[in-house]
Amino acid sequence: FKIENDRLFVYRDTSIKLPQSDSVNRYSYIIIGFLLHHIKVLGAWLFMSPNIIPINKDYCVTEITFSKAMKSEKILPLVAAIFQRRNRRGVFEAKPIPQSVLDEALDVKKTPFASPEVGVVTERNALANIAEATATNMKRVYKLAPFRREMAAWITPNGSSRRDGVPGYSLNQPMVMSWLLPTVIRFVNMGSVLANVNKTAIASAPIAFGFGAEDTVSGWLSVGFVA
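In this report, we go over the structure that sits alongside the text.

Examined against the element boundaries, phenylalanine 47 turns out to sit in the loop between helix H1 (26-45) and strand E3 (48-57). With 11 residues separating them in the primary sequence, phenylalanine 47 and leucine 36 have C-alpha atoms 17 Å apart. For phenylalanine 47, the residues in contact, after removing those within four places along its chain, are Ser67, Lys68, Ala69 and Lys71.

Within the secondary structure layout, aspartate 107 lies in the loop between helix H3 (99-106) and strand E5 (117-121). For aspartate 107, a relative accessible area of 44% puts it in the partly exposed group.

Tallying each qualifying case throughout the model produces seven salt bridges. The salt bridge involving arginine 26 is made with aspartate 215; its shortest N-O contact spans 3.2 Å. Of this pair, arginine 26 sits in helix H1 while aspartate 215 sits in the loop between strand E8 (208-212) and helix H8 (217-226); the two residues are 189 residues apart in sequence, bridging distant segments of the chain. Classification of arginine 26 by relative accessible area gives partly exposed; the value is 28%. A salt bridge links aspartate 164 to arginine 162, with the shortest nitrogen-to-oxygen separation between them at 3.1 Å. Taken together, the shared-partner salt bridges in this structure form one network comprising Lys2, Glu4, Arg7 and Glu63.

Moving on, we get to the sheet that holds strand E4 (residues 60-68). In any sheet, the strands associate via hydrogen bonds between backbone groups, in a parallel or an antiparallel arrangement. Taken together, four strands build an open sheet; the order of strands is E1-E2-E4-E3 and the sheet is antiparallel. What marks the edges here is a single partner per strand, and that holds for strand E1 (2-4) and E3. Between one strand axis and the next, the sheet turns through 25° on average, direction left out of account. Bridge analysis of strand E2 (residues 7-11) against E4 gives five bridges, and the strand direction is antiparallel. Following the sheet pairing, arginine 7 is matched in E4 by threonine 65. Taken strand by strand, H1 contacts E2, E3 and E4, and its axis lies near 155° from that of E3.

Here is what the cut-offs are and how they apply
Residues numbered from 1 in each chain as written. Predicted model: local features only at pLDDT ≥ 70, side-chain atom pairs only at ≥ 80, totals over all residues. Heavy atoms only, no water. Helix = DSSP H or I, 4+ residues; strand = E, 2+ residues; numbered from the N terminus. Contact = heavy atoms within 4.5 Å. Buried < 20%, exposed > 50% of the residue type's maximum accessible area, 1.4 Å probe, protein only. Salt bridge = Lys/Arg side-chain N within 4 Å of Asp/Glu carboxyl O. Pairing = 2+ DSSP bridges. Axes fitted to C-alpha atoms, helices over the stretch in contact; angles between N-to-C directions.

See below:
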């Protein structure tokens, strides 16, 4: 981040390099899209209206200006969701999702970037196909030693002072295992085990959302923002 007067500039961190899993920096921009949405929500919570202006020059992604706004009570559940969100893996509960929730989720708001498309999958065979495709790809990449080394280095053990990477708790790992897991992944091909875990989880899901946009920085930011 860079602050100049009343403007906030958001940059992509070029020191983060993941050539095996994100060779064109697609996911790093998708993650910034998530971040920009959080800034918009939290700004509204703090009586501000953030205006996000795309730049995409010299690694500067956006310029954000802020103006005063009325506080909306509707924003509070979104703020709570930001702080409570966890990346959990496991079997989903077999509970139907209310149609009102689906309708709200599909009411895609306009983004500051390229317009995305959102698809919904509820048919069991289609969900099973997504699960199978995910498992197949996981087995493929975990056979590659460079990918395993990159993944191992990107896992941040619970309690570590590191500020980047994937925290062990988001992988459902307790304290001790979160410190052992990087070493295991680095030297042991866990592809089949992890593929089966993810396959079971995805196949159990009542619904899957798919996000797509043009294969550009603007499209990647849009996917993260809407997701």
